[in-house]
Number of protein chains: 2
Amino acid sequence: MARDVARRAGVSTATVSRVLNGFAGVRADKREAVMRAAQDLGFVANGAARALSTRRFMAVGAVVPNIENEAFVRVLSSFQDRLRQAGYTLVAANAGYDLEDELREATFLLERGVDGLMLVGDIHHPDLHARIARAGIPMVQTFSLSRERPCVGFDNAASAARAANYLMDLGHRRIGVISGLRKDNDRGGARVTGIAAALAARGLGLAPEHDIEISYGIGGGRDGFRQMLAGGEPPTAIICGTDQIAFGAMIEARARGLSIPGDLSVIGHNDSDFAPFLDPPLTTIRIHSAEIGHAAGDHLIARIQGKPVVRLTEIDAALILRASTTPPGRRGT
Amino acid sequence: MARDVARRAGVSTATVSRVLNGFAGVRADKREAVMRAAQDLGFVANGAARALSTRRFMAVGAVVPNIENEAFVRVLSSFQDRLRQAGYTLVAANAGYDLEDELREATFLLERGVDGLMLVGDIHHPDLHARIARAGIPMVQTFSLSRERPCVGFDNAASAARAANYLMDLGHRRIGVISGLRKDNDRGGARVTGIAAALAARGLGLAPEHDIEISYGIGGGRDGFRQMLAGGEPPTAIICGTDQIAFGAMIEARARGLSIPGDLSVIGHNDSDFAPFLDPPLTTIRIHSAEIGHAAGDHLIARIQGKPVVRLTEIDAALILRASTTPPGRRGT
DNA sequence: TGACTATCTGAAAGCGCTTTCAAGACAGCC
DNA sequence: GGCTGTCTTGAAAGCGCTTTCAGATAGTCA
């Protein structure tokens, strides 16, 4: 306790507090005495008392759909970097792609007294924003852009459209989509919308049997592609919601005797660490996760500290070209 | 504030507290008035004040070497499950395989007032345990077993030895190891020790040029295997520290014209989601991450609540046999 | 030397809850 | 009707820090 340190150093707790918080205006000898006493006693301030007193918790919350998803972990990791630099702790929670759960987790963090909150995406429980507002803390949404709220993200529809256009430029006409769950997931939805729009712009359509929604993961990708083949004439190219899905689809395609990219071009999302090492290396849309995390962290901290911020930060998503895409019909490439 | 709720409900803050914390002995009408007032006002208790008052923070900390590592994330995820069920929040931090950083992060959590702490492995900064002791909170170490401290883990040496024995049973004599960084990482070290011991028990040795230490990841695995080949007669089988490393090694081996498992049997660690989908599917040591997380969570909560616990929980690690391992010299299998 | 200013420092008042303690209300009993 | 015991309730005292405010001390200048 600060009291013990004060006694040992022969000062008051006020002075202890001043020294430990780096306030100027404490005479050198007293400062040193306090430092030494704190050291000797192994003094660790009580965070709750400090938080209560300063009305600052020095912690920021984040609710992500799935902690086990590489993309979100990378964002959390870089987000935490920034917070740490500013002296804040990250408290992360898992919402599992469920709006009710997300509300519950966010409320939990709000109760804990976080000074700011990061959310993923644009779709939330109707009560969520009201609660955040009542708590009076800043929030930032990531991964997708928004006109209403501060955000750091990219244009999911546009980047997916870019992938579709690239495939069409190569000559593909029958393009399929395998996405993860889209319910309450604006990113997935926007991507499909973007692809459909890009196809429509060139007079093509996204056939319902080529528009597959499955659960995430390699297994999901396999199932998804199997499902797609069951639906009549197969596509010559597919765009997948994640690299894991793309990996699964590639496995299934090969098992069905299709060669990649000869019979089927494949594009993934996220540029996972294994993407360059697949056979063939996977063309994918790279999301600059680290930059999203940094920007979101900087934004939130600036708001907490009352500094001016930009409300919308767009992070670029790049189409990384590798060998899993070629013009259609080039067998044995 | 509770005060507002009290005023609105026409009671004292004491009664508000009693109702909101589910204490019996409040008359039904007052209870309801409080509930309604709290609802109307959207009352959210101030966590800091509560923590200060109860001297319980309702949060548990965890420091892991690398948040982006699948195995740790899975443990954190299941750990959090249990904490959440008991009403606790998880605050996780990243130590990056560095003892100083780990100490810093752990101190940070201690300052925050966590009620318990989870650590990974047996090697820590010399001051760490003293600080935890001074904070007076329970800790549990995961992934490796310990005689001194409460732990939930498995016998890294024994499970790696099992993999080595399996390879020797298949007839392999020249076995190599590619591990991640071993500095300050008892898991990696123990595995290599276990393998060396298993080899020695059968009159074999682990050649220095077959004992490679590299950074984690697919790239690391490639580099590692390249390094191993540079060291003279290549091994007929390798055991890798993670499945990512194994993946990288397989890529490099194939690039060098080696067939797997014909020329080279490969065993990984962790049974990552992609392991069954590699070509050939990867034999690997599966760590029951979810069980480690659950057991660690249960342990810590029991300790916090003053219930009796077992100090050492051993979680089984299983050798999952797939097609990446065969007897040596069977080309074209 | 005395007045005045600039520096330091400690006492004390919160921060918003929980929890103890004592008192009020009321029913049951002799 | 008076007394005891039970059930409810509110006043008030913390929890361990920060921070204000005013007093103490030292330094400066005329």
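The text that follows walks through the structure, step by step, so that each part is easy to find. (Residues numbered from 1 in each chain as written. Chains lettered and ligands numbered in written order. Predicted model: local features only at pLDDT ≥ 70, side-chain atom pairs only at ≥ 80, totals over all residues. Heavy atoms only, no water.)

**Looking at unusual backbone geometry**
In this model, Asp279 of chain A is joined to Pro280 of chain A through a cis peptide bond whose omega is -5°. When you line up the elements, Pro280 of chain A lands in the loop between β9 (265-269) and β10 (283-287). A positive phi angle is found at Asn270 of chain A, which is not glycine, with a value near 105°. Take Asn270 of chain A: it is sitting in the loop between β9 and β10. Unlike most non-glycine residues, Asp271 of chain B shows phi in positive territory, near 50°. In this fold, Asp271 of chain B is placed in the loop between β9 (265-269) and β10 (283-287). (Helix = DSSP H or I, 4+ residues; strand = E, 2+ residues; numbered from the N terminus.)

**Some details on the interface of chain B and chain A**
Contacts between the two partners involve 43 residues from chain B, matched on the other side by 43 residues from chain A. Where chain B abuts chain A, roughly 3,500 Å² becomes buried across the two surfaces, and 62% of that area is made up of carbon and sulfur atoms. Here Arg84 of chain B makes a salt bridge to Glu105 of chain A, at a shortest N to O gap of 2.0 Å. Counting the contacts that link chain B with chain A gives 14 residue pairs in polar contact (both at pLDDT 80 or more). Elements with a contribution of two residues or more to the side of chain B that touches chain A: α4 (47-54), α5 (70-85), β2 (89-94), α6 (99-112), α10 (218-229) and α11 (243-255) of chain B. For the side of chain B that touches chain A, the element with the highest residue contribution is β2 of chain B, accounting for six residues. (Contact = heavy atoms within 4.5 Å. Buried area = accessible area lost by both parts, 1.4 Å probe. Salt bridge = Lys/Arg side-chain N within 4 Å of Asp/Glu carboxyl O. Polar contact = N/O pair within 3.5 Å; in protein donor to acceptor, adjacent residues only side chain to side chain.)

**Re the protein's contact with DNA strand D**
Residues in close proximity to DNA strand D total 26 residues, the closest being Ala2, Ser17 and Ser53 of chain A together with Thr15 and Arg18 of chain B. Sugar and phosphate atoms constitute 65% of the interface atoms of DNA strand D, taking the interface as everything within 4 Å of the protein. Contact between DNA strand D and Ser12 of chain B: a phosphate oxygen at 3.2 Å from a main-chain N or O atom of the residue. Note that a phosphate oxygen of DNA strand D is positioned 2.7 Å from one of the side-chain N or O atoms of Thr15 of chain B. Elements that contribute at least two residues to the surface near DNA strand D include exactly α2 (13-20) and α4 (47-54) of chain A together with α2 (13-20) and α4 of chain B. A total of four residues in the surface near DNA strand D trace back to one element, the largest contributor, which is α4 of chain A. (Near = heavy atom within 4 Å.)

**Here's the deal with the protein's contact with DNA strand C**
Thr15 and Arg18 of chain A together with Ala2, Ser17 and Ser53 of chain B are the nearest of the 25 residues found near DNA strand C. The share of sugar and phosphate among atoms of DNA strand C within 4 Å of the protein is 64%. A distance of 2.7 Å is found between a base nitrogen of DNA strand C and a side-chain nitrogen or oxygen belonging to Arg18 of chain A. Within the contact set of DNA strand C, a phosphate oxygen lies 3.1 Å away from a side-chain nitrogen or oxygen of Arg50 of chain B. Of all the elements in the fold, those that place two or more residues in the surface near DNA strand C are α2 and α4 of chain A together with α2 and α4 of chain B.

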